[in-house]
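Commentary on secondary and tertiary structure
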2 protein chains.
Amino acid sequence: MTGMTAPHTSFSPADNPRLGLRERKKIKTREAIRTAMYALVTEQGYDATTIEQIAERAEVSPSTVYRYFPTKEDIVLTDEYDLLILEELRARPADEPWPVSLRHVMHRAIRLGAKDDPVVSRLRTRLMVEVPAVRSRMMESMSSTGRMLRRAIGERTGRDPDSLEVRVYAMSIVGGLMETSMYWAEQEHEPDFNALVDRALNVIEHGLPPENH
Amino acid sequence: MTGMTAPHTSFSPADNPRLGLRERKKIKTREAIRTAMYALVTEQGYDATTIEQIAERAEVSPSTVYRYFPTKEDIVLTDEYDLLILEELRARPADEPWPVSLRHVMHRAIRLGAKDDPVVSRLRTRLMVEVPAVRSRMMESMSSTGRMLRRAIGERTGRDPDSLEVRVYAMSIVGGLMETSMYWAEQEHEPDFNALVDRALNVIEHGLPPENH
DNA sequence: CCATGAAATGAGAGTAGCTCTCAAAATCTA
DNA sequence: TAGATTTTGAGAGCTACTCTCATTTCATGG
């Protein structure tokens, strides 16, 4: 969620030899396509990169590319955070206040994301800011993140996850956090993301702080 | 903003005879294209409707359609609310508390939107919920609505509109209100939208209310 | 009222994302 | 090793969208 870099299935293909050859090959192909795309986008930019080129460099057919990814944007934008966050939220003690849980989980997710290749991370968030189609797809995923979050809130607080209140609450969190990652990307990833998220959650919890200047 | 139905340039072409013939024709063409699209979408659904069909029914060439609207989604989704809301916000007394202003302005916007053709309104919000491409485009416009809103907040509170805090605050409002209109559409537009917006703003201002059951 | 300039339109070609189908190739299972 | 199953490649096809250029339509000053 929030559009930060995702730790997309980082099995090395060599790992997990217990997986059948078929499965291992699939993982390898997925990675090959992604890698090809990242390289081409770095070289030529997003729009100038065609599926055909990606297929060629990944040594697969264009059909195969589409079999692995529904859209071009999805090749750069995979977010496995949602499930991860949901699990982590469930793992928090049930009596912990909700905002505290959320904070913990966000920090944890960031830590996991940081393990990822930082070059790819930055490329991805940059594309999010720069390429409308990518940002758009990202935002599209907000809806599903919102659904996930409201389910979590429902479980946690015993509220109806489909009530307007819970939905609005969840979506305002998602919106705020997404803005945070765009901010982070626009600042060239220079500030500490953890600190930004804390400030963002403060605003969401308590509204705008009194002016300081 | 918030994805509710927009009062898209509702001049009847006959109006404003002081406009040159050229201008009047342009307005007429715009309306013709929109009307054609609405009709076709109602008959066949969004995806089944092609630009060529729209052009044919509107009695213009496909090129012309693209000259008037950058994308197919934009034919159904025009949002002139942003500017309107910005103006209204500026018109509120400077010493009025921000949340109060926001509430007033939202209600006013809804009232204006209600003047629009309700059939078209409903069609539009339905498409927003049902057609991914439309929803996606809608969400894309959230970014610009967010920018507008943070500028307004900046003017109003003297804060830096580009600070993380203001940005997050603005975006959480936008996210919450967008969720509200999706909720409204999903409920078949049956609840009173004003009431929903009030509940949503309550949540955004004060967080989730204590449980009631 | 007409001639000249400017703007809007139409026709058409072209690109690329995405879908679908079907046959060939690769992997799994017995 | 044979047969069943899955994955892949090739290719045709659709449509959104872009660009170019000739033609038509409107505006305006004489």
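Scoring rules and cut-offs
Residues numbered from 1 in each chain as written. Chains lettered and ligands numbered in written order. Predicted model: local features only at pLDDT ≥ 70, side-chain atom pairs only at ≥ 80, totals over all residues. Heavy atoms only, no water. Least-squares fit on C-alpha atoms with pLDDT ≥ 70 in both. Contact = heavy atoms within 4.5 Å. Near = heavy atom within 4 Å. Polar contact = N/O pair within 3.5 Å; in protein donor to acceptor, adjacent residues only side chain to side chain. Helix = DSSP H or I, 4+ residues; strand = E, 2+ residues; numbered from the N terminus. Salt bridge = Lys/Arg side-chain N within 4 Å of Asp/Glu carboxyl O. Nonpolar A, V, L, I, M, F, W, Y, C, P; charged D, E, K, R; others polar.

The next point concerns the relation of the copies chain B and chain A. Superposition of the two copies of the chain requires a rotation about an axis together with a shift along that axis. Superposition of chain B onto chain A requires a rotation of 180° combined with a translation of 0.0 Å along the rotation axis, giving an RMSD of 0.0 Å. In short, the pair behaves as if placed about a two-fold rotation axis. The rotation axis passes nearest to the C-alpha of B:Ser172 in chain B, at a distance of 2.0 Å. Here 100% of the interface residues in chain B have copies in chain A that are interface residues too; the copies meet face to matching face.

On to the protein's contact with DNA strand D, then. The immediate surroundings of DNA strand D are formed by 20 residues, with A:Lys26, A:Thr64, A:Arg67, B:Lys25 and B:Lys72 found nearest. Of all atoms in DNA strand D that approach within 4 Å of the protein, 63% are sugar or phosphate atoms. Contact between DNA strand D and B:Ile51: a phosphate oxygen at 3.2 Å from a main-chain N or O atom of the residue. Here a phosphate oxygen of DNA strand D sits 2.7 Å away from a polar atom, N or O, in the main chain of B:Lys72. Listing elements by their share of the surface near DNA strand D, those giving two or more residues are α1 (21–44) and α3 (62–68) of chain A together with α1 (21–44) of chain B. With four residues, the single largest contributor to the surface near DNA strand D is α3(A).

What follows deals with the interface of chain B and chain A. Accessible area lost during the coming together of the parts is what is often quoted as the interface size. Between chain B and chain A, the residue contacts involve 39 residues of the former and 39 residues of the latter. Note that A:Glu140 is salt-bridged to B:Arg135, the shortest N-O span being 2.9 Å. Summed over the shared surface of chain B and chain A, the number is 13 residue pairs in polar contact (both at pLDDT 80 or more). Put simply, the parts of the chain that give the side of chain B that touches chain A at least two residues each are α8 (132–157), α9 (164–186) and α10 (193–206) of chain B. Taken together, the residues that form the side of chain B that touches chain A break down as 18 nonpolar, ten polar and eleven charged.

A few words now on the protein's contact with DNA strand C. Lining the immediate surroundings of DNA strand C are 19 residues, of which A:Leu21, A:Arg22, A:Lys25, B:Lys26 and B:Thr64 lie closest. Counting only atoms of DNA strand C within 4 Å of the protein, the fraction found in sugar and phosphate groups is 58%. Between DNA strand C and B:Ser61, the relevant distance is 2.9 Å, taken from a phosphate oxygen to a main-chain nitrogen or oxygen of the residue. With four residues, the single largest contributor to the surface near DNA strand C is helix α3 (residues 62–68) of chain B. Looking at the surface near DNA strand C residue by residue, the classes come out as five nonpolar, eight polar and six charged.

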